[in-house]
Each structure stands twice: as structure tokens, then as C-alpha cells.
Amino acid sequence: MNAPRSEFLKVLTERGFIHQTSDFEGVDTAALENRLTTYVGYDCTGPSLHVGHLLSIMMLHWLQKTGAGKPITLMGGGTTRVGDPSGKDESRKLLTVEQIQANKESIKTVFSRFISFGEGKTDGNTDAMMVDNAEWLTKLNYIEFLRDVGRHFSVNRMLSFDSVKLRLEREHELSFLEFNYMILQAYDFVELNKRYGCVLQMGGSDQWGNIVNGIDLGRRLGTPQLYAVTCPLLTTASGAKMGKTASGAVWLNADMLSPYDYWQFWRNTEDADVPRFLKLFTILPMDEIARLSALQGAEINEAKKVLATESTALLHGREAAELAAETAQKTFEQGTLAESLPTIEVASGILKEGLGVLTAFGPDYAKLVPSSSEARRQVKSGGLKVNDQTVSDERATLNLSDLTSEGVIKLSFGKKKHVLLRAI
């Protein structure tokens, strides 16, 4: 692979975004000529994207920032009705049209934090677009689609792709509905090329087979040359899946994960991951990243704070990021109870009757642990605290007498995750 000539591929290469490309020189040339209209697809399976989606979103950010082309965020209003089998051992739960629409509306707002949809921040040629594949997939005639598109797909080849092969090897069911997903995704690429001149699809490395299918279908249907670029599926230095914590997924929507908790997620980065995450998840200049990456010993904590603040500022804004940093400093370094800790309101009547401590820490209230069984496990290991006192009895209840002088009950999971229960 030759050294990139375009600013876009220079940035992606030096920051570690590239896992595979179908034609590096072709992508490089198109970027140099500012004609790299590019899409990434996001299915609407939940009300929020999670931190695992950030790599591809950041790639779209740098596409626009370097002027290489127009970003397209493709919402899977159509493909979500089918379900992507990639990386799954079982079928996704089928959602109603209403649920898919609600999820789509909920996750749309995140993208405008990273790319501009025409608010006068670009030259106009690189304004991002948001498109929903339901526009064409829901209008397909099945017989015509089989004849015009389906005939170009070999079942033998489809069975060789990891998304299918791994499911079959593990003897887990793969529905005919899911088997069609790769055909629909391939068709999306061709349709986006026809409608908007899209020539590049980006995504995680687990999407490589699906993306290459689209390139091959485009060639068979006579479209201009299409390209693929994938980013790595990240794991932490200790081998854990990126974006998974003991309390669940790291969501991007503030109503599902507070800016403070998001800041804390990045602050808790393992030492060995700091240089890589600064490159991928901030827009700091490379020389500043090199300076921060060279810090050793206790000083690495300063680099982690910068990582946390800069990544949080990208998603939630500079004010929220700095407030989260200030809250953390007051809570951990000064030992005070910061008012801006995540706060959950609970009816006084519930506390009067007694709220089970396992329930309080679980998904219905503080969301510090994903389930009561996990809360029970943490109690046994001494991982949960109420008002800074370790919980030793899993049958304990929280009552009005547990309220502090500020009218709150402080719940803590480990040293760095805290939620306040406020009586109303």
C-alpha cells in the first residue's frame, strides 16, 4: 500500500481507523478529487447508538472535515425490519414499524454533533445527508427484485461469509429473513450510487462481506466503480469488548447515559489504550496526542482526563464536558458531594415503605448494574456503597432515614460510579 496522497486517507491512516480497503488507490484518488460521497448504515434496533458506533461516525467526521466528499448517514428503516445476522448467535427481535420509527427519531440527533447537515459550516458540496432505506426497500416488487437483483447472488458464496457461516457452525438457527439481509445491504449501495452518486461504503470490519457484496452487485449492474473501507472492531488492551461495562452498554444519547457517566467511561480507560483512543475519539492535533501519550506513571491520569473531556465535548458539548470534569474533581479529589452527579427522583412514599437495595442499584433506578443478580454479586464482593458505607446485606432496604442533609441518598458502584436518589 502506497503512502496516501489525500488528506482524508492520511488522517485515517495515522489515527488508526483503517482495517481493510477494497482499492486504496481508487479511494485516495476520489478523495483528492473531492468526489468521495460516502455512506455508513445504522439500523434502528434501539433508541440510541452506543460507543461502538463512534469509529464509523468519526470517519464520516474526517471525510467532511478534509473536504474529501459528502457524508451520508443511512438509517435502516427498511433493513431493521429484517435484522443483520452479523456477529449474532440468534435472531434479532423483530420490531414494529412504530418502534423502528421512534428509534430512528431518537438516534438522529447524535450525528449533528459530529457532521454538518447544511448549517453553513461547510462549502455546501460536503453537506451531510440523512437517508432512510425504507424509501426504496419497502416499495420493492418481490418477483422483480428476485429476477433483477437476486439472480446475481450465489448461495454457495453467501454461505461462506462469516455472518452466515459462524451461525451455522454453532448450529444456531438462521432464518430465511436474515439470510436476505446481505442482499438488501448490497442493493442499498447500488441505490445510493444511482440516487446520490455514492461511491464508498464504510463500516466495521464485521461488515466487510456485506460491503463487498454491494461492490460486486454494482459491477454486475453496471454502476461506476464502488469502494469499501472498514475500521477495526475495537477491544481494550485487556481483551474486553470496547464499550461494554458492568452496568451495560455505553450509550450516546444523554437520556440513556448522562454526560457525567460518559466522561467517567473515558476517564477509566486502561493506560495502554490512552494513545490509541486519543487518536480515534478526539480531534486533538497529533503533536498534542504525542505529548499526552508520552506521559508515564501517575501523569497518565492527566491524559485520561483530557481524553474524557475532549471525547465528551464532541458528543455533549464543551459545557457539559467541563461540568463533568469539575464534578469528578469535587467528588474524588476534594471529597465533596457534587450537585451535578447523575440524580434519579424517587417518590417519598416508596422510601417510606422501603426500597430494596438490589432494586435501587438496578435498571429501574440508578442503573449502576444491569440486573438484581449482578447487584447481589457485587454486594458479596463489597462493590456497592450507600452514602459511602459498604452494603453487606442484600436484603437491606433504603428508607427516609437514609436521606442526607441534602435530601439525597448516594449510591456508589466501585470508586468512580455514583448516582444520587432524591426524594420527591
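Above: the structure in question.
Note that the structure is a prediction, hence the values are computed from the model and not measured.

Calculation criteria
Residues numbered from 1 in each chain as written. Predicted model: local features only at pLDDT ≥ 70, side-chain atom pairs only at ≥ 80, totals over all residues. Heavy atoms only, no water. Axes fitted to C-alpha atoms, helices over the stretch in contact; angles between N-to-C directions. Helix = DSSP H or I, 4+ residues; strand = E, 2+ residues; numbered from the N terminus. Parallel < 35°, antiparallel > 145°, perpendicular 65-115°, else oblique. Left-handed = near helix turned anticlockwise from the far one by under 90°. Contact = heavy atoms within 4.5 Å. Nonpolar A, V, L, I, M, F, W, Y, C, P; charged D, E, K, R; others polar. Salt bridge = Lys/Arg side-chain N within 4 Å of Asp/Glu carboxyl O. Buried < 20%, exposed > 50% of the residue type's maximum accessible area, 1.4 Å probe, protein only.

Asker: Would you take a moment to explain the packing of helix α13 (residues 274–281) against helix α14 (residues 286–293) for this structure?
Answerer: The description of two packed helices rests on the angle between their axes and on the distance between the axes. α14 packs onto α13 with a crossing angle of 160° between their chain directions and a minimal axis gap of 9 Å. By the angle class used here, α13 and α14 are roughly antiparallel. When you trace α13 past α14, the crossing you get is right-handed. In this structure, α13 uses P275, L278 and K279 to contact α14, whose residues at the interface are M286, I289, L292 and S293. Here the residues of the contact of α13 with α14 are counted per class, giving five nonpolar, one polar and one charged.

Asker: Explain the pattern of salt bridges here, please?
Answerer: In a structure, side chains of opposite charge can pair up when their charged atoms sit close to one another. Under the criterion given, the structure shown has 16 salt bridges. For the salt bridge of R195 with E191, the shortest nitrogen-to-oxygen distance reads 2.7 Å. In this pair, R195 and E191 both sit in helix α10 (residues 181–196), four residues apart, roughly one turn of the helix. Exposure remark for R195: the relative accessible area of 38% places this residue in the partly exposed category. For D271, the salt bridge is made with K304, and the minimal N-O distance between the two is 2.6 Å. Residue D271 is found in the loop between α12 (259–267) and α13, and its partner K304 is found in helix α15 (residues 300–316); the two are separated by 33 residues along the sequence. The class of K304 is buried, set by a relative accessible area of 8%. Through salt bridges that share partners, E135, E191, K194 and R195 make up one connected network.

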